[in-house]
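# Coordinate analysis (summary)
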Amino acid sequence: MRNQITFDYSRAEAFISPEEISIMSRQALDAMDVLLGRRGVGKDCLGWIDLPKNYDPEEFARIRKAAARIRKNSEVLLVMGIGGSYLGARAAIEFLGHSFANVVERNTRRAPEIYFCGNSISSTYLKHLMDVVGDRDFSINMISKSGTTTEPAIAFRVFKEILEKKYGKKGAARRIYATTDKEKGTLRQMADQEGYETFVMPEDVGGRFSVLTPAGLLPVAVSGADIDTLMRGAVCARERALKNAFMDNGALQYAAVRNIFLRRGRSVEIMCNYEPGVHYICEWWKQLFGESEGKNHKGLLPVSADLTTDLHSMGQFIQDGSRVMFETVINIEKPREEIVIGREPQDLDGLNYLAGKTVDFVNKSAMEAAILAHTDGQVPNLMVHVPEVNEFYLGELFYFFEFACAISAYMLGVNPFNQPALDHYKKNMCALLGKPGYEERREELMKRL
């Protein structure tokens, strides 16, 4: 078994030439030179590069203490955020935790039930979550640099009111943890006024690169995961990304190969997994790459598939549809749990040929079968191998994708760290909601509706 995250494009070599690899390797190295020299666009948002070794140890210690306090006094933790303010934490918790963490007994979970809200504007979801919390003790981790992002702000207002009715304003304040800007913004002002414990979202780290900041670390720590080991994994991935030559540098190779396919007209990358616990890693990856690269009518469309489940829904298209895609598989080499298939006396289901084999052996065989079929169908395959599920390899995986994303975006000629188009819908929504200051825009939009 490998002892680190590795990238493998050997099953895509039939679709690309050595000359293309040579050209793109130089472009990837040039992009890295711009990134590390802090000469590119978005150079004020590069705090994530050195974050694994340069984080604030005092704040890190406070995160551990706050997590221990929440585990002790709360049956439920509500994590409120949207996009990068919650996806990294959710990805880590679902990857590292029990598949049914919120319904198994507390002694198995070893943590409060953790629910995420403020990532949609559904009254049904919020009401149902209120039913789940009921009269139990709970705490809130509100994650927002500004505090005014509509989705988490609404969720916070709803559940803050419940907290204050249950514990009083001072008691509620002791159960609210604000992860926000160091000095400015509505949430910072509210936290200072009400006395919430606060953790800082670094100004030079954008939301989708923030999983290793308090935005991700506090909820992950509450879940019982070892955040020290998570950061050690990120440190190791950082060392390889910054120091290894191209042929030993998986992050650079991934950035280069995916850009080769884009230039060949394969504009869709399907991130595939064969373990349900990897689902939210893929959701986090979609935001990271989609929001970083999708600008100026450029970029790959990042989509994901949970296999083998989606082989029974999207499999036909992947195998035989338009050839606009390539796939990247996250392969968990060693399963967390194992089950050996038994033998039936009458073999009514016809599965006795699998008796004595493990379920993971069957899963891996399905993965290999699908990869062979897809490559036969002219779908190139890339693989990211994860030795096993633990905090160290997850830290490596997070950093691997972050670094590759920045390189890939610079190779495309776009700023990886902004999201200018999102302001358009936000301004429209503010106008349609009747927010003061948007009257003229509202009048214009109403004519079009």
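Not measured: the values here are computed from a predicted model. (Residues numbered from 1 in each chain as written. Predicted model: local features only at pLDDT ≥ 70, side-chain atom pairs only at ≥ 80, totals over all residues. Heavy atoms only, no water.)

## Structural notes on the overall build of the chain
A count of helical and extended segments in the chain gives 17 helices and 10 strands. Computed over the C-alpha atoms, the radius of gyration of the chain is 23 Å, within 12% of the 22 Å expected from 2.2 N^0.38 for a compact globule of 449 residues. Taking the principal axes of the C-alpha coordinates as reference, the chain spans close to 65 × 60 × 50 Å. Counting across all 449 residues of the chain, residues that qualify as buried make up 50%. Partitioning the contacts of the chain with sequence separation of at least 6, the portion at a separation of at least 24 is 78%. (Helix = DSSP H or I, 4+ residues; strand = E, 2+ residues; numbered from the N terminus. Rg over C-alpha atoms; globule rule 2.2 N^0.38 Å. Buried < 20%, exposed > 50% of the residue type's maximum accessible area, 1.4 Å probe, protein only. Contact = heavy atoms within 4.5 Å.)

## Focus on the pairing of strand S6 (residues 197–200)
Note that strand S5 (residues 176–180) and S6 share 4 bridges and pair parallel. Note on S6: the bridge partner recorded for Tyr 177 is Glu 197. Chirality of the crossover, the property in question, places the unit of S5, helix H8 (residues 186–194) and S6 among those that are right-handed. (Pairing = 2+ DSSP bridges. Right-handed = clockwise from strand over helix to strand, strands pointing away.)

## Some details on the pairing of strand S10 (residues 381–388)
Taken across its 8 residues, S10 has 7 buried, putting it largely inside the fold. Two elements, strand S1 (residues 6–8) and S10, share 3 bridges in a ladder whose sense is antiparallel. Bridging from a neighbouring strand, Thr 6 pairs with His 385 of S10. The pairing of strand S9 (residues 325–334) with S10 spans 7 bridges and is classified as parallel.

## Considering the sheet that holds S5
Pairing between sheet strands relies on hydrogen bonds along the backbone, with the strands arranged either parallel or antiparallel. The 5 strands lie next to each other as S3-S2-S4-S5-S6, forming an open sheet whose pairing is parallel. Among the strands making up the open sheet, the edge pair consists of strand S3 (113–117) and S6. For this sheet, the mean angle separating the axes of adjacent strands, direction not counted, is 20 degrees. Sheet contacts for helix H7 (residues 150–173): strand S2 (76–80), S3, strand S4 (138–143) and S5; angle to S4, the most-contacted strand, approximately 135 degrees. (Axes fitted to C-alpha atoms, helices over the stretch in contact; angles between N-to-C directions.)

## Structural notes on the packing of helix H12 (residues 279–293) against helix H15 (residues 391–412)
Between H12 and H15, the least distance of the axes is 9 Å, while the angle of their chain directions is 20 degrees. Accordingly, the angle class assigned to the pair H12 and H15 is roughly parallel. Our pair here, H12 against H15, has a crossing hand that is right-handed. Between H12, through Ile 281, Trp 284, Trp 285, Leu 288, Phe 289, Ser 292 and Glu 293, and H15, the contact on the second element is made entirely by Leu 394, Leu 397, Phe 398, Phe 401, Glu 402, Ala 404, Cys 405, Ser 408, Ala 409 and Leu 412. When the residues that make up the contact of H12 with H15 are grouped by side-chain class, the tally is 13 nonpolar, 2 polar and 2 charged. (Parallel < 35°, antiparallel > 145°, perpendicular 65-115°, else oblique. Left-handed = near helix turned anticlockwise from the far one by under 90°. Nonpolar A, V, L, I, M, F, W, Y, C, P; charged D, E, K, R; others polar.)

## Focus on the pattern of salt bridges
Evaluated as defined, the whole model comprises 29 salt bridges. Asp 228 is the partner of Arg 64 in a salt bridge, and the nearest nitrogen-oxygen pair spans 3.1 Å. Of this pair, Arg 64 sits in helix H3 (residues 57–73) while Asp 228 sits in helix H10 (residues 227–243), and the two are 164 residues apart along the sequence. Exposure remark for Arg 64: the relative accessible area of 37% places this residue in the partly exposed category. Note that Asp 131 is salt-bridged to Lys 127, the shortest N-O span being 2.7 Å. Here the residue Asp 131 and the residue Lys 127 both occupy positions in helix H6 (residues 123–133), the gap between them amounting to 4 residues, near one helical turn. For Lys 127, a relative accessible area of 43% puts it in the partly exposed group. A single network of salt bridges, built from pairs that share partners, joins Arg 38, Asp 50, Arg 238, Glu 239 and Lys 243. (Salt bridge = Lys/Arg side-chain N within 4 Å of Asp/Glu carboxyl O.)

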